[in-house]
Amino acid sequence: ATPTALMVGTGRGAQLGILIKGPQVLESTRRIDTVVLDKTGTVTTGRMAVVAVEPVEPSRETELRRFAAAVEAPSEHPVGRAIATLAPPEEVSEFANHAGQGVSGVVDGRTVRAGRPSWVGHPGSAHAGTTVAVEVDGRVLGTVTVADTVKETSVSAVAALRDLGLEPVLLTGDRRSVAEAVAREVGIERVEAEVTPEDKLRTVQRLRSEGRVVAMVGDGVNDAAALAAADLGIAMGTGTDVAIAASDLTLVSGDLATAVVAVRLSRATLRTIR
Ligand code: ADP
Ligand code: MG
């Protein structure tokens, strides 16, 4: 491949809303056969809405909303951003993000944790969606369940990836029931759910060791290691800075359809060269 042709391809990418870190990236794009897709914020909108607030006792709902919203206020995660709207802003100190698990902090002198029920030590909710359990000073106050919807373009983008001969895999830290419902909706057969950020990395490594050439598409802090380990890391421009920094390519609009455009562009660019 001549550097000039790759430069032209890179420029064309920028016009199409695809920011490519270096001209050599287009060459790895061409060989991809597997596309691993993060769920929240990548296949789905990431604009979560609260669908249920369930305190352990009805009298404690205000308290549940208050501590949940306060501890999630600094969170960049779509789950956290939705929960932060449950009450007026309040100060939180010692905030910590536990990627793929939840958040913790101190609110009004009390230690608060909000995250996956298994992380907090709670059985969870029967509601459809992603349930976050909230604990104050070691005692569970209740759960908040959030849900988002599949992006309008995800169904056709997944079909187009298949048409290009690429196998899609859905990879998420979210619970299996939610992951499978999304996979069914967009037409993905292979699903890996309830994985930690380290497992996301391991999944990419495993697929590569099977001889696959893997693209990973993600938006979160929890996707960064997997994005960096993939043959091609693709970040959603709407996602976190960490994910963008770890990737080879950024889709400015955060639209999966642009990933399809990127694969087509690289193939066309390299054809021109030959
Ligand atoms: P995904 O792979 O779908 O992007 P993550 O790996 O980021 O999901 O998160 C996995 C799970 O960890 C979420 O479904 C949620 O249960 C929990 N979680 C992550 N961040 C937060 C947060 N800020 N507050 C509460 N729970 C969280
Ligand atoms: Mg995500």
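What counts, and at which threshold
Residues numbered from 1 in each chain as written. Chains lettered and ligands numbered in written order. Predicted model: local features only at pLDDT ≥ 70, side-chain atom pairs only at ≥ 80, totals over all residues. Buried ≥ 20, exposed ≤ 12 C-beta atoms within 10 Å, placed from the backbone. Helix = DSSP H or I, 4+ residues; strand = E, 2+ residues; numbered from the N terminus. Arc of directions from axis to C-beta. Contact = placed C-beta atoms within 7 Å. Domains from an automatic or database assignment. Nonpolar A, V, L, I, M, F, W, Y, C, P; charged D, E, K, R; others polar. Core = buried A, V, L, I, M, F, W, Y, C linked by C-beta atoms within 7 Å.

**A look at helix α8 (residues 176-186)**
- Buried residues of α8: Val178, Ala179, Val182, Ala183 and Val186, and no others. Down the axis of α8, the buried side of the element spans an arc of 130°, and every buried residue falls inside it. Every exposed residue of α8 that faces more than 90 degrees away from the buried side is listed here: Arg176, Ser177 and Arg184.
- Next to the buried residues of α8 lie α3 (39-43), β7 (130-136), α7 (154-163), β9 (167-171) and β10 (190-192).

**Remarks on the domain arrangement of the protein chain**
- What the domain assignment reports for the protein chain is domain 1 (3-45 + 149-273) and domain 2 (49-146).
- For domain 1 versus domain 2, the separation of C-alpha centres amounts to 30 Å.
- Contact with domain 1, which involves 12 residues of that partner, is made by eight residues of domain 2.
- Broken down by class, the residue content of the side of domain 1 that touches domain 2 amounts to three nonpolar, seven polar and two charged.

**Points about the nonpolar core**
- Membership of the largest hydrophobic core comes to 49 residues, with the highest contact counts inside it found for Leu170, Ala215, Met216, Ile234 and Ala259.
- Once residues lying within four places of it in the same chain are set aside, the contact partners of Ile234 are Ala215, Met216, Val217, Ser247, Leu249, Leu251 and Ala259.
- In this structure, Phe67, Val79, Val107 and Val146 belong to the second largest nonpolar core, which totals 23 residues.

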